[in-house]
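Chain by chain, the residues:
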Amino acid sequence: MNSNKQIKKYILALAFCPLLMSSCSENWLEPKPLSFYTPENTYVDADGLYAAIVAAERNMRHEFFGNLSPILSELNSSDIAVYGKTDHNGSLIDFDNFLLPTTIYVSGDERNQIQWYWNEGYRGIRYGNTVLSRIDDATFKSDEERNQVLGTAYFQRAYRYYKLTHQFGDVPFLDKEYAAPKLDFYTHDRWSILEQLKKDLEFAYQWVPEKVDRGRTSKAACGILLMKVCMCLSDFDRAIEVGREIVAKNPLMTQRFTSNKNKPNTNLMHDLHSIEAKLDMGNTEGLMYVVSYPQVEGSTRMQIMRNALPYWAKGSVNVTPDGKTGTAIVPAKEDKGTEIDNDYNVGRGIASTRPTNYFQYEIWTDKEKKDLRSPNNRDSWRRMEDLFYNEPSLKNKSEWYGKHLVRPTNMNVSDSVRCWFMWPHYKTFVPDPTVTQDRKGGETPWYIYRSAEVYLLMGECYYWKGQSQEAADMLNVVRERAGADPLVASDINIGEILAERARELYYEENRHTELVRISYTYARTGKPCEIFGGRVYNLTNFSGPGGTGSNVKEEGYNFWYDWMIKHNNFFRDGVVVACGQYRISVHHVLWPIPEEAITANTGGIINQNVGYPGTEKNIIPLSIDQERPSK
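Bear in mind that the values here come from a model prediction, so they are computed numbers and not experimental data.

## A few points about the overall build of the chain
Item 1. In terms of regular secondary structure, the chain is built from 23 helices and six strands.
Item 2. Its C-alpha atoms give the chain a radius of gyration of 24 Å, within 12% of the compact-globule value 25 Å for 631 residues.
Item 3. Counting all 631 residues of the chain, 62% fall into the buried class.
Item 4. Relative to all contacts within the chain whose residues are 6 or more apart in sequence, the contacts with residues 24 or more apart total 73%.

## Here's the deal with the packing of aromatic side chains
Item 1. For the coordinates displayed, the defined rule picks out 31 aromatic pairs.
Item 2. Plain terms: the ring middles of Trp116 and Tyr117 are 5.0 Å apart, the flat faces sit at 90 degrees to each other, and that makes the pair edge-to-face. You'll find Trp116 and Tyr117 in the same group, each marked buried.
Item 3. Here a set of aromatic residues connected by ring pairs shows up, and it is made of Phe236, Tyr358, Tyr463, Trp464, Tyr522, Phe532, Tyr537, Phe559 and Trp563.

## Overview of the pattern of salt bridges
Opposite charge on two side chains allows them to pair when their charged atoms are near.
Item 1. Evaluated as defined, the whole model comprises 52 salt bridges.
Item 2. As a salt-bridge pair, Arg301 and Asp432 come within 2.7 Å of each other at their nearest N and O atoms. With Arg301 in the loop between strand S2 (286–290) and helix H12 (304–308) and Asp432 in the loop between helix H16 (425–428) and strand S4 (446–450), this residue pair connects regions lying 131 residues apart in the sequence.
Item 3. Residue Asp432 is classed as buried on the basis of its relative accessible area of 9%.
Item 4. The salt bridge partner of Lys367 is Asp491, with a shortest N-O separation of 3.8 Å. Of this pair, Lys367 sits in the loop between helix H14 (357–362) and helix H15 (413–419) while Asp491 sits in the loop between helix H18 (468–482) and helix H19 (494–505), and the two are 124 residues apart along the sequence.

## So, the nonpolar core
Item 1. Tyr161, Tyr449, Ile494, Tyr507 and Phe559 are the most contacted members of the largest nonpolar core, which totals 146 residues.
Item 2. When near neighbours in sequence (up to four residues on either side) are disregarded, Tyr449 contacts Phe155, Tyr159, Ala221, Ile224, Leu225, Lys228, Glu285, Gly286, Leu287 and Met288.
Item 3. Judged by nonpolar contacts, the second largest core, of 21 residues, contains Tyr311, Ala313, Tyr401 and Leu405.

## Let's talk about the side chain of Asn390
Item 1. Residue position: Asn390 is located in the loop between H14 and H15.
Item 2. Only 2.8 Å separates the side chain of Asn390 from the backbone nitrogen of Ala328, close enough to count as a polar contact.

## As for the packing of helix H8 (residues 219–232) against helix H9 (residues 236–249)
Item 1. Packing of H8 against H9 brings their axes to within 8 Å, and their N-to-C directions diverge by 160 degrees. By the angle between their axes, H8 is roughly antiparallel relative to H9. Regarding H8 and H9, the two cross each other, and that crossing is left-handed. Mapping the contact onto sequence places Ala220, Gly223, Ile224, Leu226, Met227, Cys230 and Met231 in H8 and Phe236, Arg238, Ala239, Val242, Gly243 and Ile246 in H9.
Item 2. Residues belonging to the contact of H8 with H9 are distributed by class as follows: 10 nonpolar, two polar and one charged.

## So, the packing of helix H6 (residues 143–167) against H8
Item 1. H8 packs onto H6 with a crossing angle of 35 degrees between their chain directions and a minimal axis gap of 11 Å. For H6 against H8, the interelement crossing comes out left-handed. Each of Phe155, Ala158, Tyr159, Tyr162 and His166 in H6 lies in contact with H8, whose residues at this interface are Ala221, Cys222, Leu225, Lys228, Val229 and Cys232.
Item 2. Partitioned by chemical class, the residues of the contact of H6 with H8 number nine nonpolar, one polar and one charged.

## Describing unusual backbone geometry
Item 1. In this structure, Ser234 takes a positive phi of about 65 degrees despite not being glycine.
Item 2. Relative to the helices and strands, Ser234 resides in the loop between H8 and H9.

## Comments concerning the pairing of S4
The two faces of the sheet receive side chains in turn, since in a regular strand these alternate between them.
Item 1. Judged by how many residues are buried, S4 sits mostly within the fold: five of five residues are covered.
Item 2. When S2 meets S4, the two strands line up antiparallel, connected through four bridges. Directly across from Tyr289, in S4, lies its bridge partner Tyr447.

## Quick look at helix H21 (residues 559–567)
Item 1. The buried count for H21 comes to eight of nine residues, which makes it a mostly enclosed element.
Item 2. Listed as buried for H21 are Phe559, Trp560, Tyr561, Asp562, Trp563, Met564, Ile565 and His567.
Item 3. Those residues of H21 hidden inside the fold are in contact with H14, H19, helix H20 (511–525) and helix H22 (569–573).
Item 4. A side-chain oxygen of the first residue of H21 lies 3.3 Å from the backbone nitrogen of Trp560; this N-cap is Asn558.

## A word on the confidence of the model for the chain
Item 1. Within the chain, residue pLDDT values average 91, and 91% of them lie at 70 or more.
Item 2. Of all helices and strands in the chain, the one with the weakest mean pLDDT is helix H1 (residues 3–16) (35), whereas helix H17 (residues 451–464) scores best (99).
Item 3. Predicted confidence for residues 1–38 stays below pLDDT 50, and this span has 84 contacts to residues more than four positions away or in other chains.

## Some words on helix H2 (residues 46–60)
Item 1. In a regular helix each residue adds 1.5 Å, so 15 residues correspond to 21 Å; H2 covers 21 Å between its end C-alpha atoms and thus fits that length.
Item 2. Roughly 25 degrees is the biggest bend found in H2, and it falls at Ala52.
Item 3. The buried fraction of H2 is high, at 14 of 15 residues.
Item 4. N-cap assignment for H2: the residue whose side-chain oxygen lies 3.3 Å from the backbone N of Asp47 is Asp45.

## Brief notes about the state of the cysteines
Item 1. Within this structure, the stated rule accounts for zero disulfides.
Item 2. Free cysteine Cys230: the closest other cysteine sulfur is in Cys461, separated by 8.4 Å.
Item 3. We classify Cys230 as buried; its relative accessible area is 0%.
Item 4. The thiol sulfur of Cys579 is not disulfide-bonded, and the nearest other cysteine sulfur, from Cys419, lies at 13 Å.
Item 5. On the basis of relative accessibility, which here comes to 16%, the residue Cys579 falls in the buried class.

About the thresholds
- Residues numbered from 1 in each chain as written.
- Predicted model: local features only at pLDDT ≥ 70, side-chain atom pairs only at ≥ 80, totals over all residues.
- Heavy atoms only, no water.
- Helix = DSSP H or I, 4+ residues; strand = E, 2+ residues; numbered from the N terminus.
- Rg over C-alpha atoms; globule rule 2.2 N^0.38 Å.
- Buried < 20%, exposed > 50% of the residue type's maximum accessible area, 1.4 Å probe, protein only.
- Contact = heavy atoms within 4.5 Å.
- Phe/Tyr/Trp six-rings, centres within 6.5 Å; stacked < 30°, edge-to-face > 60°.
- Salt bridge = Lys/Arg side-chain N within 4 Å of Asp/Glu carboxyl O.
- Core = buried A, V, L, I, M, F, W, Y, C linked by side-chain atoms within 4.5 Å.
- Polar contact = N/O pair within 3.5 Å; in protein donor to acceptor, adjacent residues only side chain to side chain.
- Axes fitted to C-alpha atoms, helices over the stretch in contact; angles between N-to-C directions.
- Parallel < 35°, antiparallel > 145°, perpendicular 65-115°, else oblique.
- Left-handed = near helix turned anticlockwise from the far one by under 90°.
- Nonpolar A, V, L, I, M, F, W, Y, C, P; charged D, E, K, R; others polar.
- Pairing = 2+ DSSP bridges.
- pLDDT = per-residue confidence, 0-100.
- Expected span 1.5 Å × (residues − 1).
- Bend = angle between axes of the 7 residues up to and from the residue.
- Disulfide = S-S within 2.5 Å.

Listed below in structure tokens is the structure:
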């Protein structure tokens, strides 16, 4: 269907259906009463129902775009990055004191976007449920068209619930559209939710079309989400089966294929992650995208260069070795757009997310010396030493003008966190031709799923099945494309799988969510974790022993905490910065349920996660086919 036609339908739907619209300040689950102009005027056929789906697909973009985008909360709750704005104490620096049900902020707050995931998750679920509830009243050209619409709605609902059940654990399950305010929701068991998602996604994978416009839900996207849900439920064979079907039709891009191939100092990774590649309909690797470019209504900018780069324009790094102001966003007029124009060549960062030593150093071994994704490839990564002293007042007055930065000997800890680190330039460079300075990152499609992740998921499935050589074979498809040495069976463990995901999927995957998924799988299967000497986890104390304010820091409760303490040097070492100290505890494996969601739900009970205030009111979560308890 024509994208512009979909957008017009979407706008029409919003005009006639206030039920679909909400702001961050509204109650998260409170549907708005139907307006006088009822949705029956819009949801009468496939085009009308797709209006709600387009709204859900469009809103997926907001996770990655804009300043302080929500994806940063996922990265900064993981092993690969931390919140780097050390002049502002936040909940994702000191989890112990600031990550609480009453302090998870939304709408551009600098500390985290955790409540955004809750609010936006249920907003997307409402879009999906609007379609599911109205599909029997609409007219379709064929059963196939009906099933395509139905499958796409199932995917959109499942996409949100997959995140919610790993970010927040047990959550309320909504299976229909509500036409009036409702305040009696109950928490449902995440396992029963996942079982329902599997059924829904099997249907979606059967019916959703393979070929779709950029930004639309594809069959392959349904397949990769089905794979992940199957893995949650230990159905590894089905996940592998689906994965093999996906990659057979969607091979990796292994040859240079965009106009970037003619640019100096670029490689296949620059091609794959360029704007051009994500617009190229011949790109067989991209399975699903979110889109933002001028022809799309409501477009916004990525701002990845602002969020993920060092704060090179300020702080102690802004001083030459002889004590003068060294860097500027705008160099001398005649040097704009040249090699010493740092802003032009890499963008200007503020370090809202800052990579850990694990991501910068530990995962890059001798086997990755020739890896195009590696810091060893100076075209792919940038270092602070690659930038230049370019403060205009230095020109013709200082020997340092036009020379590379030198690490200051007196740099304090806070500045070393925020202002001095490496970054994967091939991923983060998203130019914006509409600005001439203070470049933050422009408009672009962005990958949600790629075939590379399918291979990594299949490799992980073989790991859980104890088939190490098969696991190595899957990871090697991705590694060999990047130029890394192949792995052998003896290399395979969960650490190698997570390292490969970090190498390939930085700023694409929901890293915290995937770590929690693996943590639940260890607890569900009882598989000994070789990384921790054969340690076995279980579900009964997944979030620790409980107790408000206990902030337990003992290993052995869940894989997420143990892995974080092993590999996130900031939390492991309790690094102290100007605004506080990096601290986490066992129960932070799951984020807190927003307090306002619990207190506004006066007719039911929404449980709080173990370790946070309010758990004394919890009840046993329902399965999704259970009746609500009577009052």
